[in-house]
Amino acid sequence: MKKITTLILLLISTFGFSQEYKLEDAQITKTDFLQALKILDLPEGNELLAELVFETNNSYPVVSSSNLIFEKLFDTDINGIKGYKALLEIQTLSKANTPLTIRYILISYLVKKENKWKVFEFRQSIDVEREILNAKSDLDKKSKYLELQYKLRGLAYWQMLNGELLESKNNFLKAYKVAKSKGDDEFNIPTYLVLDSIVDFENLNKID
């Protein structure tokens, strides 16, 4: 009887968990985020933005208008966890105040404890899979400008963009161990906290 009860509870929690990942909810966050970027030169814009992003110290362009090219929910390497990706053409201004039209990608994830979508990254469109391959190949190359812990941290960032959350976790932890072994006390991984808010590794491990 105990096994049956546990199975029923697991099925209920799994069903409820999957229901959290709705495209409509991610779209609302995207719309609010783009609206905040329109008034980013005002205090109200920054106030609104702070509620919509994982890391408030990131810099973003002021966007006068945008055009959605495509959007979708995508699977990650953790069963039941999804991300949201949008490709947009944005209209902004250069440093010389000339109009620019640029393609940007927006990646957002659901914060599990808040049941709320937040923007993880908004940057110029780039081939993320190619960046992952390049970052992996750079791990074995010696460089006096970039030590291994920073290479691993960079790789983990690209993997987060691509939905490779478990791989990202592993490389963040490797980066920390390397930094510790080298006595690099200034090394930090604030993005790991973002990753944990998406996955909730403690409870994930309990389920596993």
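See the structure shown above.
Reference entry: report on the structure contained in this document.

So, how was this worked out
Residues numbered from 1 in each chain as written. Predicted model: local features only at pLDDT ≥ 70, side-chain atom pairs only at ≥ 80, totals over all residues. Heavy atoms only, no water. Buried < 20%, exposed > 50% of the residue type's maximum accessible area, 1.4 Å probe, protein only. Helix = DSSP H or I, 4+ residues; strand = E, 2+ residues; numbered from the N terminus. Arc of directions from axis to C-beta. Contact = heavy atoms within 4.5 Å. Polar contact = N/O pair within 3.5 Å; in protein donor to acceptor, adjacent residues only side chain to side chain. Expected span 1.5 Å × (residues − 1). Pairing = 2+ DSSP bridges. Salt bridge = Lys/Arg side-chain N within 4 Å of Asp/Glu carboxyl O. Core = buried A, V, L, I, M, F, W, Y, C linked by side-chain atoms within 4.5 Å.

**What about helix H4 (residues 128–138)?**
Taken residue by residue, H4 has Val128, Ile132 and Ala135 as its buried positions. Summarising the axial view, the buried residues of H4 lie within an arc of 65°, below the 170-degree limit, and thus occupy one face. Opposite the packed face of H4, turned more than 90 degrees from it, sit the exposed residues Glu129, Arg130 and Leu133. Buried residues along H4 sit against strand S3 (99–111) and helix H5 (148–161). The opening residue of H4 is Asp127, an N-cap whose side-chain oxygen sits 3.3 Å from the backbone nitrogen of Glu129.

**What to know about helix H2 (residues 23–38)**
If you check H2, its first and last C-alpha atoms are 23 Å apart, about what 16 residues at 1.5 Å a residue would give, namely 22 Å. Those residues of H2 that sit buried are Ala26, Thr29, Lys30, Phe33, Leu34, Ala36 and Leu37. Take H2 and look down its axis: the buried residues cluster within an arc of 155°, on one side only. Where H2 is buried, its residues contact helix H3 (43–50), strand S1 (65–75), strand S2 (82–93), S3 and strand S4 (116–124).

**What about the pairing of S4?**
Of the strand pairs in this sheet, S3 and S4 are connected by 8 bridges, and their pairing is antiparallel. Looking at the pairing, Tyr104 lines up with Gln124 of S4. A loop of 4 residues connects S3 with S4, the two strands running antiparallel in sequence, and Asn115 in this loop sits at a positive phi of about 50°.

**Quick notes on the pattern of salt bridges**
Applying the stated criterion across every chain, the model contains 8 salt bridges. Across the pair Lys82 and Asp75 runs a salt bridge, and its minimum N-O distance is 2.4 Å. For Asp75, a relative accessible area of 56% translates into the label exposed. Here Asp127 ties to Arg130 by a salt bridge, and the two come within 3.9 Å at their closest N and O atoms.

**Focus: the nonpolar core**
Formed by 56 residues in total, the largest nonpolar core has its most connected members in Phe33, Leu37, Phe120, Phe122, Leu165, Ile198 and Val199. Counting residues per element, this core draws most heavily on S3, at 8 residues.

**Quick look at the pairing of S3**
Summarising the sheet, S2 and S3 pair through 11 bridges and their orientation is antiparallel. Counterpart to Ile90 in the pairing with S3 is Ile102. In this antiparallel pair of consecutive strands, S2 and S3, the connection spans 5 residues, and Asn97 shows a positive phi of 60°.

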